[in-house]
Amino acid sequence: MGLEARRVGSGAGGAARPPGGAPSAGTITIRLFSRAQDAVGEESLRWEIADGETVASLLDRLAAAHPTLAPLRASLLVAVNYEYAGGERPLEAGDEVALIPPVQGG
Amino acid sequence: MEDRTAGALLGSLMERVIRIVEGPIAVPEDVGLPSRGEVGAVVRFEGRVRRLEAGRDVAGLAYTAYRPMAERELAKILDEIAERFPVRRVVVEHATGRIPVGEVSLLATVYAGHRREAFRACEYLIDRLKETVPIWKDGYAGE
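A brief look at the structure comes next.

Examining the overall build of chain A
Helices and strands together make up the secondary structure of chain A, namely two helices and six strands. Counting from the amino terminus, chain A carries its helices and strands in the arrangement β-β-α-β-α-β-β-β. Considering chain A as a whole, with its 106 residues, one finds that 44% of them fall into the buried category. Restricting to contacts in chain A with at least 6 residues of sequence separation, those with at least 24 account for 62%. Accessible surface, chain A: about 5100 Å² in total, of which carbon and sulfur atoms supply 52%.

A word on the pattern of salt bridges
Residue and element names in this part refer to chain B. Under the criterion given, the structure shown has 18 salt bridges over all chains. Two residues, Arg-16 and Asp-79, come together in a salt bridge whose shortest N-O distance is 2.5 Å. One end of the pair, Arg-16, is in strand β1 (residues 15-22); the other, Asp-79, is in helix α2 (residues 67-84), with 63 residues separating them in the sequence. Owing to a relative accessible area of 33%, Arg-16 belongs among the partly exposed residues under this scheme.

Topic: unusual backbone geometry
Residues and elements named next belong to chain A. Unusually for a residue other than glycine, Ser-34 sits at a positive phi of about 55°. Within the secondary structure layout, Ser-34 lies in helix α1 (residues 34-40). The phi dihedral of Tyr-82 is positive, around 75°, even though this residue is not glycine.

Focus on the interface of chain A and chain B
Residue-level contacts link 19 residues of chain A with 24 residues of chain B. Both sides together, the interface formed by chain A and chain B hides about 1800 Å², and carbon and sulfur atoms give 59% of it. Three residues stand out in chain A for area buried against chain B, namely Tyr82(A), Gln104(A) and Gly106(A), and they jointly supply 35% of the buried area on that side. Seen at the junction of chain A and chain B, the total is two salt bridges. Between Glu83(A) and Lys76(B) there is a salt bridge whose closest N-O contact spans 2.8 Å. On the surface where chain A and chain B come into contact, there are twelve residue pairs in polar contact (both at pLDDT 80 or more). Mapped by element, the contributors of at least two residues to the side of chain A that touches chain B are β5 (83-85) and β6 (96-100) of chain A. Among the elements that take part in the side of chain A that touches chain B, β6(A) stands out by supplying three residues, more than any other. Classifying every residue of the side of chain A that touches chain B by side-chain character gives eleven nonpolar, five polar and three charged.

Criteria and thresholds
- Residues numbered from 1 in each chain as written.
- Chains lettered and ligands numbered in written order.
- Predicted model: local features only at pLDDT ≥ 70, side-chain atom pairs only at ≥ 80, totals over all residues.
- Heavy atoms only, no water.
- Helix = DSSP H or I, 4+ residues; strand = E, 2+ residues; numbered from the N terminus.
- Buried < 20%, exposed > 50% of the residue type's maximum accessible area, 1.4 Å probe, protein only.
- Contact = heavy atoms within 4.5 Å.
- Areas by Shrake-Rupley, 256 points an atom, 1.4 Å probe, with all protein chains shown as cover.
- Salt bridge = Lys/Arg side-chain N within 4 Å of Asp/Glu carboxyl O.
- Buried area = accessible area lost by both parts, 1.4 Å probe.
- Polar contact = N/O pair within 3.5 Å; in protein donor to acceptor, adjacent residues only side chain to side chain.
- Nonpolar A, V, L, I, M, F, W, Y, C, P; charged D, E, K, R; others polar.

Scope: geometric values only; no functional claims are made or implied.
Below, the structure written as structure tokens:
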């Protein structure tokens, strides 16, 4: 896999936008690795977020849009802008979120 | 000088090298001693790919890294080492891409005054790397 090659998708139709017609608060990039990448079939997604979006609400929407992610969810860690983050972490336009399956370095 | 201040000073003097590189890591013959003769112990760990991975024969492991975060997490681990062990220099190199069986995917070298902190810091480094650094491996078959 080329280190710089990235395919950016928007995920399942319509689900990449905030639910219920809520106004968009901007877009974020979602990086997917390992089995999360396999489950979704993309290395990277660009999604719009709503005001008050958090890591937890984003994961909910991702799992709804990509049901193959749901079984992985319990083992996934999430990073925001290269730092591990909890579910309550608020998201802002321009953030880079990464789905981190169990790491396997060394 | 208080112990805490001395420790912080020594920690800030610890040399750190972090490399995430494509392809198998070449293990240098020259261990690269820092100068001034303070180093009495060099512990070098080579992580090599095994043929049997998760019950399955592989030709090698393909490593992928979330590079910017992997570098940050490695830097944090080196900070932790500097706080805990009187170590002079740490070099950690992790491979990405295809690493054939027998080749090196991880090379960690710790230089310290004495063997106790060199062994302990090296073990600490590997243990922490395996907990937090966003790198993944996937077995591949031979052609």
